[in-house]
Structures are given as C-alpha cells and as structure tokens.
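Close look at the chain arrangement
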Amino acid sequence: MKILFIRPKPSPETIGLQHVMIVEPLELEVLASLVGFDDKPIIIDMILERKPIEYFIKRERPDIFCVTGYITNVPAMIHYCQVAKKINPDIITIVGGVHCEVCPADLDNESIDFRVIRNAGIVFPLLLEYIRGKGDLPKGILRPQEQLLQSELPLFDFYFPFPDRRLTARYRNNYFYIFHNQVALIKTAFGCPYSCNFCFCREITQGKYYERPINEVIKELSSIREKNIYIVDDDFLTGKERVNSFIEANRLANLDKHYLLYGRADFIALNPDVIKSFSSIGLKTVIVGIESFFDHELEQYNKNIDAKTNEEAMKVLNFHDIDCYATIIVSPDWGEDEFAFCKEKTRSLGIHYVNLQPFTPLPGTGIKVKDEELIIPYADFAKWDLAHVTIRPKKMSVADFYQSIIKLYNSVLFQPQFLIDYVRKASMLMLWKMIKGSFMVKRQYMKKIREAKYNA
C-alpha cells in the first residue's frame, strides 16, 4: 500500500513559533518505519511545502492517508481528511498525535476512519494489517462516533523504533531551532516524573515515565548525520546517574554533537559538576522552565521549586557559557508592576532569549476556568497555542496585556550586549531567519492588539 504521512501547516491564526523554529516531524518518521516491507511510505511536510494538500493527494494517490498534529492543528487535520475523502472516497484516513491521544473527541469526524490514541508504535502496524484484512482491530484505536473508555485501553507500551529519517531528506536542510541550524531530533524518554499542574505532557502518559536505554540512544545518535541535536524529552535532566551515563557513553562513542535540551532549574543548580561535564561533550543550550520569578506563582503551578533556585541555575549556565532559552508563564494576574519586575529579573540574570507564555488552561490538564473568564472559546483550536491570551487579564485590558508582552520581549531579546553576541555566534543566515521570524511574530501580536481594541 502507498501510505501518505502528513504534517499539517499551521493556521494563520496560530501565533507562529514556526517563524523561529521548524523541526523534523519525528512522529511521522517513527510511524513510517513501521510499515510493511511492500508498503511505500511518503512524508509531506506542509509547513515547508507551498502547494495545497490537494496537489499531493492527487499526485501520490495513496491508499492510506495519515496526519498527526497538536491542538492548534485540529481544524487542519479534519480538513485534510475531508479533502482526501472528497478526492477518493475509498482512501483510508488515520489521525494521531498527542492531542488526539488525550482529547480524541475533538477529532471525531466522519471523514476520519481511525483515531490512534494509545501505543502508536505497537498498534499502527497492527492497524495496517487489519486494513489488509489480516487480524482484528487492535485496542487503542477509535472509529467514528466511538468514545474513549479508559478501561478498554491497553496498558502503556513505550516501544520506540528508530525513525526513518531518509523520508525527510529533501526537507532536512530547512530544519532549525532559533540559532541552531540543521537540527535533528531524538527522544530518549516518555512522560515526566514531575507534577507541574499546568503541563500537558504528563497527561499524554497519565503520569507514567519511561527512559530508553542509553546504549540504544547512543546507537541512534550515531546514525544521525546532523551535528545539532535537539533532545525532545519533556525533561532530560531528571537523574544525575543517567545524565552522567549519557555523557560517558558520548565520549566512548566519540560523538561530535551539539546538544539542545529541556532541563529543570533545580537539577542545574544542584549539579554544576554535571553541567560542566556535559558542556565538555557539546551541551550548548538548555530550555529551562523558569515559569515565574514569584514564589507564590511557582507554588500555584506545583513546580516544587523556588525563585532563588531559578537564579542559581542561571549562574551555573552563565558560568559555563551555556545558552538558556527561558520559558515564563505570564499570569492573568499580572499588571504593570509584575511585567516590570519580570523585565528586571530577566535582564539581571543574563537571560537573553525568552518564550513568554500567557497562562493557558489546556484541555486535559484538569485546570478549571470559569466560562466568563475565557476570552477564546475552547473550540477555537488554532488559538490555543500558548501565545494567545485565553484568560481575561485582571489588572489591564487585553490590548494592554498583549502590548506589555511585546515590550517585555523587546526588552529581553534586543539588549545591545546580546545583539553583539548573536552576531558573534550565529551565521548571517540564522540571524536573518531570527530577524524575519521575530518580525512575523510581532506582526501577529500587533494584529491581536488591534482586534482587542476593536472588541473592547
């Protein structure tokens, strides 16, 4: 069978991280590695393609049409399947991805034949056999109008084959993450052992955590041609023993990689020796969930960390010349004083790249917000991007809140001493991408300000 795997293009309404980062569709490369020997898998990355989805369906004439995505992609995923069915009513449509696994009802549509909601690495090849007329429909799959019943789902199985990266060969030179050009992804663990209450990641595995063996991770790393590696675990810095094992295995394998990864501030602050050792084998950037500089907010988020620890972590990273991409949650409780304090702290700690995320009660996390407090309805999926303001601010207008976010971004990103550092570290191509991307994101935010003023 010919199987077409699709990564959807973001909606124009989604405030676009794709303007400053586009990474490989790892989940599709994994699924494509699981097809039968006689099957022909094809991956189409619609983020990078200019032609519409109709063109690729008509050109390839697939037997099976697969698409995965996040909450912001829900409308596009449904639309793509509707288009596929219109072109060929006999085509089999399959959807998956993390949002589908947690909130499958959002993708319950007559144009979608199967929704994969558990253990994709196990059930996807079994589903293909079922479509061939061999075997039963595996558990972990929903048909149209079938509802999620946790009691009928199989236990979690975190089997993870090596991705087939050959299928994205024509795209790979275009994958980047901020100042890291030609980036490859690797996943070494599933879930997260921590319990932050705002995080969607834990809900995907219902709190369970699994780590791949280090020797398997090193083997996969050795097969990746790119030097820049983004470890996409929800948190790679979870245990000192495993991180040290990874560092030593890198040395023994004589790998020459530059690493970008997620890590908690408390691990960094408590283990400066590990960070030093990691830096010596290529750790370049850590994405740190700073979340807040206020202890009371960190407690509300169940972060189990204090603001002082965040500051200590930044000292360690700065000392070893490791870049920090800090994520900060912008609470609807913030007013001018809180924005000013955040500006002061980020600048004093030497943070020069930040992702400001308005507090977003993502479905599935269990966070409850009164309907009158929401200013973006849940069904407006494209705007649930951790960049839109979804909860009405308490101390300022929506327009002023967006304007304060822009001002905070400008004050952090465009500090003169760091602009010089960008020029020193990055290529002209990456600088151009960042300037262009920042302009595009700012233009989207300015549109939100105009809309907010119009609707006030």
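Not measured: the values here are computed from a predicted model.

**As for the sheet that holds strand 2 (residues 21-22)**
If you walk across this open sheet you meet the three strands as 2-8-9, and the pairing is antiparallel. Two strands close off the open sheet at either side, each with one partner strand: strand 2 and strand 9 (180-181). Looking at chain direction, strand 8 (residues 176-177) and strand 9 are connected through two bridges and run antiparallel. Residue pairing across strands places Tyr 177 opposite His 180, the latter belonging to strand 9.

**Describing the packing of helix 14 (residues 398-413) against helix 16 (residues 428-455)**
Two elements in contact, helix 14 and helix 16, have axes whose closest approach is 8 Å; the angle formed by their N-to-C orientations is 160°. Taken together, the axis directions place helix 14 and helix 16 in an arrangement best described as roughly antiparallel. Crossing of helix 14 against helix 16: the hand is left-handed. Residue-level inspection shows Val 398, Ala 399, Tyr 402, Gln 403, Ile 405, Ile 406, Tyr 409 and Asn 410 of helix 14 in contact with helix 16, the latter providing Lys 442, Tyr 445, Met 446, Lys 448, Ile 449, Ala 452 and Lys 453.

**As for the packing of helix 13 (residues 336-348) against helix 14**
In contact at an axis separation of 10 Å, helix 13 and helix 14 are set at 15° when each is read in the N-to-C sense. The angle between helix 13 and helix 14 places the two elements in the roughly parallel class. Between helix 13 and helix 14 lies a crossing whose hand is right-handed. In this structure, helix 13 uses Phe 339, Cys 342, Lys 343, Thr 346 and Arg 347 to contact helix 14, whose residues at the interface are Phe 401, Ser 404, Ile 405, Leu 408, Ser 411 and Val 412. Of the residues belonging to the contact of helix 13 with helix 14, the class tally is six nonpolar, three polar and two charged.

**Re the sheet that holds strand 5 (residues 92-96)**
In spatial order, the strands read 3-1-4-5-6-7; together these six strands make up an open sheet with mixed pairing. Where the open sheet ends on each side, the last strands, each with one partner, are strand 3 (40-45) and strand 7 (141-142). Sheet topology note: the strand 4 (residues 64-68)/strand 5 ladder contains five bridges and is parallel. Bridged to Ile 64 within strand 5 is Ile 92. Taken strand by strand, helix 3 (residues 74-87) contacts strand 1 (2-7), strand 4 and strand 5, and its axis lies near 170° from that of strand 4. On top of the sheet, helix 5 (residues 120-131) reaches strand 1, strand 4, strand 5, strand 6 (114-116) and strand 7; it is set at about 160° to strand 6, its chief contact.

**Considering the environment of Phe 401**
Relative to the assigned elements, Phe 401 resides in helix 14. Its relative accessible area of 2% is what places Phe 401 among the buried residues. Separated by 57 residues in sequence, Phe 401 and Glu 344 have C-alpha atoms that sit 18 Å apart. Residues in contact with Phe 401, not counting those within four places in the same chain, are Val 330, Ser 331, Pro 332, Trp 334, Phe 339, Val 389, Pro 393 and Met 396.

What counts as what
Residues numbered from 1 in each chain as written. Predicted model: local features only at pLDDT ≥ 70, side-chain atom pairs only at ≥ 80, totals over all residues. Heavy atoms only, no water. Pairing = 2+ DSSP bridges. Helix = DSSP H or I, 4+ residues; strand = E, 2+ residues; numbered from the N terminus. Axes fitted to C-alpha atoms, helices over the stretch in contact; angles between N-to-C directions. Parallel < 35°, antiparallel > 145°, perpendicular 65-115°, else oblique. Left-handed = near helix turned anticlockwise from the far one by under 90°. Contact = heavy atoms within 4.5 Å. Nonpolar A, V, L, I, M, F, W, Y, C, P; charged D, E, K, R; others polar. Buried < 20%, exposed > 50% of the residue type's maximum accessible area, 1.4 Å probe, protein only.

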